[in-house]
Structure formats: C-alpha cells, structure tokens
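Residue strings, one per chain:
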Amino acid sequence: MVDKFDWGGAVKFSNCLIVFLCLFGAMAGRDVLAGSKTVLIVYSYSDNLAWTRQCDQGIREELPGDVTIERLYMDTKRISEDEFEERAEAVVKEFEKIQPDLVMLSDDNALRLVGPEIAAHGVPVVYFGINGNPREYFEELPENVTGLIERITLFNWIRLLFEVVPDARSLLVLMDDSTTSDAIVDTAFHGGGGLSVDGKTIVWKEASDWNIWKYSVQESQKDIILMPVYHSLKDEDGRHVPFDKVIAWTSRNSRVPVFAVQDYAVGDDGVVGAFVVAGEEHGRQAGHMAKRILEGTPIKNFMVMIDQQGAYYFNRKQLRRFGLVLPGAMRRMAIFKE
C-alpha cells in the first residue's frame, strides 16, 4: 500500500492536473495484488471522509485477495462545481489507461459525472451510496450497470425524533447546496417546500454558503434541526469548511436539539443523535455484487438493491443538555458515543 494521491492539492494546480494523473498509477490509493482482475473504485469524495473509508473497508473485505484495486477520489465536496467537468474528464482518462475489468462508482456525483461515459465502454459498473434515482443520470440505464441505493428513510427518522423530543411541533431539515441534498429533496419531499406529518410541520432549506448556514441555525424558529448533508459548505472566500467544524459550530450555537445521519457527527461536542446506514456493511454488499460479477454471474441477473439498514447513535451529554429521555425500545438499541 502506498500513499494516496492528494486531489485537494491538485486543485491548486488545475492546469497540471493531467500531469498529476499520469503519476496516478504510482501514487493513488491502491491495493497491488498479483491478480488477473482489476477493479477501479471511483469515489465522489475524499478519502478523509469517514463514509468513504467505511465503504472501502467493506469492499476490501468482500473482494477476493487476488484482485487489484485502484482508487480515484473526485473530492467533489471540497472543489467548486466549476471544476467538476475537468475532474470528470481526468477520471475518464485514468479509467481508459487502467482498463479495469469492473468499475465501482461511489455516491451520486461519481455516477452522474462519469457513469455514462464509463458505462459506454461496456465494462460492468456497480454503483453504491446513491441517494437519487440512478436512471436520472443516464439517457437510458445501460444493461451493464447495476448497484446499491443508500436510502435513509428520512421520515421514519423524523417521526422517531418527534418521540425523542415529545414537545416539538416543527422540524427543519438543513442541508448544504449539493447533488446529494437535491436528491433528498426529490425523494423525500418530492420537490415540494415542506409538509405536515402527524400534525407536525417539516420544512427544508439548502444553505448555499457557510454564512447562510450559520444564520439558518441561529434564526431557526423550529423545535428540531436535522442536518443530513453539510459537507460541501464554503465560506465567503470560496474555501471549503471542514465538516467537523460545521458539526461543532452547529451543536454549540443551536438553541434546539440537532440530529444527523452520520455516526461521526454524534459526540460531546457534536449532535444529539443520528440514524446511520452502516458504511462497512454497505460496502460489503456492493463488494459482494462486484465479486459475483467478476466470477461470471451476468450483470443482468442483479436487481438494484436498496440499503435501508441502520443503527441509532446518541450522546448522553447532549441528551442531558436538552433534557431528553430516549423511548425504551430506542434506548435498548442505541449505541452511545462520547
């Protein structure tokens, strides 16, 4: 295993991006194994993101040991959207150089930005971590493409949050302005501005930058804040705001309980709780699908899978801060993080 290529650094030298990519085979995140099969995994985000690392761990546990794994990180939560097209072109060039036997695409941006062109080469494609509808990223979904949808049942989680905060009558779903957020709006809210569930008001907002996010937290009149996506925020100078800073600031400055959908957001200085799709298990499911395809199972035999399995994470300090007591069944299932 050798050091991973620093896409973030490459952004500073975008005119040299192709030169950097020429060195990718020696410098990228790579498991070099003496096998006859090669799998290329294209991650939408950075390898610094816990979700990326968790999925990768699950995939590695599932793929046979004689498979060579190549990785590319598009880092689309930190670079600007103006750079997406250039990054996608660079990934496709590297794909053509590697000529893998199978490609795995992680999360919506990778599928949307490079999925159609890679699939057009006829190579089997397995996607995972997809929040939107995969068909919307292709003119017509190719026969050589299948995968796994990550579907947090947002409104089931919201209903449970109203049990955790029994006096609450309203909830704000606060997100960054990203492809993943758009997918949540489309799938959970069907493109509408808000709705009522069991007599409770639920609205959503996409914050286009860090200042708007902070204003939205401090001025919110809702009783609960749920922040499912917050990784693409940028400050007034266009610099990426680290997600751990977003978590800590939001927790510290919110007058109401804050919840998320990532385990790493929960903590003494983080959010109260989260319902989480387990990244490692999600990766294992995608990796198992890839393994069977490499072994010769026709890709047309695979139905698109929807992963809704998850776990509850809570923090005792944050529960005490807001005077919250978990319902008995949830308390028995909860994982507590400090």
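If you're wondering where the values come from, they're calculated on a predicted model, not measured in any experiment.

Draft legend 1. Quick look at the overall build of the chain. Regarding its fold elements, the chain presents 13 helices and 15 strands. Taken over 338 residues, the chain has a buried fraction of 54%. In the chain, once contacts between residues fewer than 6 apart in sequence are set aside, the share between residues at least 24 apart is 70%. In the form shown here, the chain has an accessible surface area of approximately 15,100 Å², with 48% of it arising from carbon and sulfur atoms.

Draft legend 2. Structural context of the confidence of the model for the chain. Confidence in the prediction of the chain, expressed as mean pLDDT, is 88, and 89% of residues score 70 or more. Low pLDDT, under 50, characterises residues 1–35; the stretch is placed with 69 contacts to residues that sit more than four places away or in other chains.

Draft legend 3. Structural view of helix α9 (residues 210–219). Within α9, the full set of buried residues consists of Trp210, Trp213, Ser216 and Val217. What you see down the axis of α9 is that its buried residues fit within an arc of 125°, all on one side. For α9, the secondary structure elements touched by its buried residues are β7 (170–176), β9 (200–207), β10 (224–229) and α10 (243–253). Taking the backbone nitrogen of Asn211 as reference, a side-chain oxygen 3.1 Å away marks Asp209 as the first, capping residue of α9.

Draft legend 4. Summary view of the nonpolar core. With 58 residues, the main nonpolar core has Met104, Phe259 and Phe314 as its most contacted residues. Here this core gets 7 residues from one element, more than from any other, and that element is helix α7 (residues 154–164). Not counting residues within four places of it along the chain, the set of residues in contact with Met104 comprises Val39, Leu40, Ile41, Val42, Ile59, Val126, Phe128, Ala286, Gly287 and Ala290.

Draft legend 5. The pattern of salt bridges, seen in detail. Under the counting rule described, the total for this entry stands at 12 salt bridges. The salt bridge involving Arg78 is made with Asp75; its shortest N-O contact spans 2.9 Å. The structure contains a network of salt bridges with shared partners spanning Glu61, Glu280, Glu281 and Arg284.

Draft legend 6. Quick look at the side chain of Asp56. Summarising the element assignment, Asp56 is placed in helix α4 (residues 50–62). Exposure remark for Asp56: the relative accessible area of 8% places this residue in the buried category. With near-sequence residues (within four places) excluded, Asp56 lies in contact with Ile41, Tyr43 and Arg71.

Draft legend 7. Quick peek at the packing of aromatic side chains. This structure, assessed with the given rule, holds 11 aromatic pairs. Aromatic side chains Phe189 and Trp204 sit 6.4 Å apart centroid to centroid with 50° between the ring planes, which places their arrangement in the tilted category. Note that Phe189 is positioned in the loop between α8 (179–188) and β8 (194–197) and Trp204 in strand β9, a separation of 15 residues in sequence. For Trp204, a relative accessible area of 24% translates into the label partly exposed. Joined through ring pairs, the aromatic side chains of Trp157, Phe259, Phe275, Tyr312 and Phe314 make up one cluster. The positively charged end of Lys77 is found above the aromatic ring belonging to Tyr45, 4.3 Å away from the centroid. Sitting above the plane of the Phe336 ring, Arg316 keeps its charged end 4.0 Å from the centroid.

The rules behind each value
Residues numbered from 1 in each chain as written. Predicted model: local features only at pLDDT ≥ 70, side-chain atom pairs only at ≥ 80, totals over all residues. Heavy atoms only, no water. Helix = DSSP H or I, 4+ residues; strand = E, 2+ residues; numbered from the N terminus. Buried < 20%, exposed > 50% of the residue type's maximum accessible area, 1.4 Å probe, protein only. Contact = heavy atoms within 4.5 Å. Areas by Shrake-Rupley, 256 points an atom, 1.4 Å probe, with all protein chains shown as cover. pLDDT = per-residue confidence, 0-100. Arc of directions from axis to C-beta. Polar contact = N/O pair within 3.5 Å; in protein donor to acceptor, adjacent residues only side chain to side chain. Core = buried A, V, L, I, M, F, W, Y, C linked by side-chain atoms within 4.5 Å. Salt bridge = Lys/Arg side-chain N within 4 Å of Asp/Glu carboxyl O. Phe/Tyr/Trp six-rings, centres within 6.5 Å; stacked < 30°, edge-to-face > 60°. Lys NZ or Arg CZ within 6 Å of the ring centre and 35° of its normal.

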